Amino acid sequence: LNNLTVNVNVPFVYVYDKTGTAAAKDATDLGDVTVGLDFQPFKASDWPATTLTLSAILPTGRSPFKIDRDTDLSTGSGYYGVSMGINMSKSLDPAMAFGALSATYRFKPHGVEQKIGNQILDQIEPGMSFSAAVGMAYAISYAVSMNVQFQYGYGMSSKYYFLNQATPSEAAAYSTASLIVGTGWRITPKTTLALSLGIGLTSNDPDFLFMLRLPFMF
C-alpha cells in the first residue's frame, strides 16, 4: 500500500570492551532482529509528515544472560519486546527537520540461570524504556546529504531475582544521550549508502559508535 511499509532490520554487531587493567574482550555476532510496520495516516502538507510505527524485537543476538560475563560480551538485549512510536518530518528545502518519540515494552525472559559471583540469577522484570530524537538533514547535492541529530533515552528500573534471596535486586533508572553526525551517498535512484558517527554523552553510552547502513527498495 502507498501508506504502509513493512521493514526488517538485521544487525551484525562487533563490540569491544576494555576497562582499566582488565583484559580486552570482543565479540562478533548477529544482533537483535526487528520486524516492523510504518503507517502514514495522511500525506504531507502544511503539517509535518507523520508516520506511526509498530515493531517487534526478537532476541536473536547473544543474550547478556547466557554468557560468561568475565570472558564474553553480548550483542543483543536478551528480551522479546514491542515498540510503538511516532516520527515527524518537515521539508525546509534544501533541509529536512525531523523528530521522533517511542516507547518500548520488554517481556520477562525465560530460562534464565546465570551465575553472577556466588549467586544464580533466576528471573528478571525489565522496565520500560522511552526514547526521543530531533535533528536536521541537509542536501548538499542530488547525490550527497549531511545530517545531525540528538538522541535521548530513558530506561525505567528493572528487578533481578536471585535464587535463595528473598528480596530482588533493583537496577536504578538510567539515561542515555548521544550526538550523531552522518552522511548519505545516493548510489542508485533506489539505494543510498549511509555512514554515521555517534558520540556518547553520558557514562552509560559507548565512547563512540560507527554505523553503516545500506537500505534498499524493491
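What counts, and where the lines are drawn
- Residues numbered from 1 in each chain as written.
- Predicted model: local features only at pLDDT ≥ 70, side-chain atom pairs only at ≥ 80, totals over all residues.
- Heavy atoms only, no water.
- Pairing = 2+ DSSP bridges.
- Helix = DSSP H or I, 4+ residues; strand = E, 2+ residues; numbered from the N terminus.
- Axes fitted to C-alpha atoms, helices over the stretch in contact; angles between N-to-C directions.
- Buried < 20%, exposed > 50% of the residue type's maximum accessible area, 1.4 Å probe, protein only.
- Polar contact = N/O pair within 3.5 Å; in protein donor to acceptor, adjacent residues only side chain to side chain.
- Contact = heavy atoms within 4.5 Å.
- Phe/Tyr/Trp six-rings, centres within 6.5 Å; stacked < 30°, edge-to-face > 60°.
- Salt bridge = Lys/Arg side-chain N within 4 Å of Asp/Glu carboxyl O.

1. What about the sheet that holds strand β6 (residues 81–92)?
Here ten strands make up an open sheet; going across it, the order is β1-β4-β5-β6-β7-β10-β11-β14-β15-β16 and the pairing antiparallel. Both outer strands of the open sheet, β1 (4–9) and β16 (208–213), are each paired with one neighbouring strand and no more. Taking each pair of neighbouring strands and ignoring which way they run, the sheet shows an average axis angle of 20 degrees. Bridge count between strand β15 (residues 191–200) and β16: six bridges; the pairing is antiparallel. Directly across from Gly198, in β16, lies its bridge partner Leu209.

2. A word on the side chain of Thr75
Take Thr75: it is sitting in the loop between β5 (49–58) and β6. A residue is classified by how much of its surface remains accessible, and Thr75, at 10% relative accessible area, is buried. A polar side-chain atom of Thr75 sits 2.8 Å from the main-chain carbonyl oxygen of Leu30. A distance of 2.9 Å separates the side chain of Thr75 from the backbone nitrogen of Arg62, its partner in a polar contact. Once residues within four sequence positions are removed from consideration, Thr75 is found in contact with Val13, Val15, Ala27, Asp29, Leu30, Gly31, Asp32, Gly61 and Arg62.

3. Describing the packing of aromatic side chains
Under the definition given, this model contains two aromatic pairs. A ring pair is formed by Phe65 and Tyr79, whose centres lie 5.5 Å apart and whose planes are at 65 degrees; its orientation type is edge-to-face. Of this pair, Phe65 sits in the loop between β5 and β6 while Tyr79 sits in the loop between β5 and β6, placing them 14 residues apart in sequence. We note that Phe65, like Tyr79, is buried.

4. Brief notes about the pattern of salt bridges
Under the definition given, this model contains three salt bridges. The partner of Asp72 in a salt bridge is Arg62, with the nearest N and O atoms 2.9 Å apart. Linking Asp72 in the loop between β5 and β6 with Arg62 in the loop between β5 and β6, this pair joins segments that are ten residues apart in sequence. Using a relative accessible area of 21% as the deciding quantity, one classes Asp72 as partly exposed. For Arg62, a relative accessible area of 24% translates into the label partly exposed. Bridged by salt links that share partners, the residues Asp29, Arg62 and Asp72 form one connected network.

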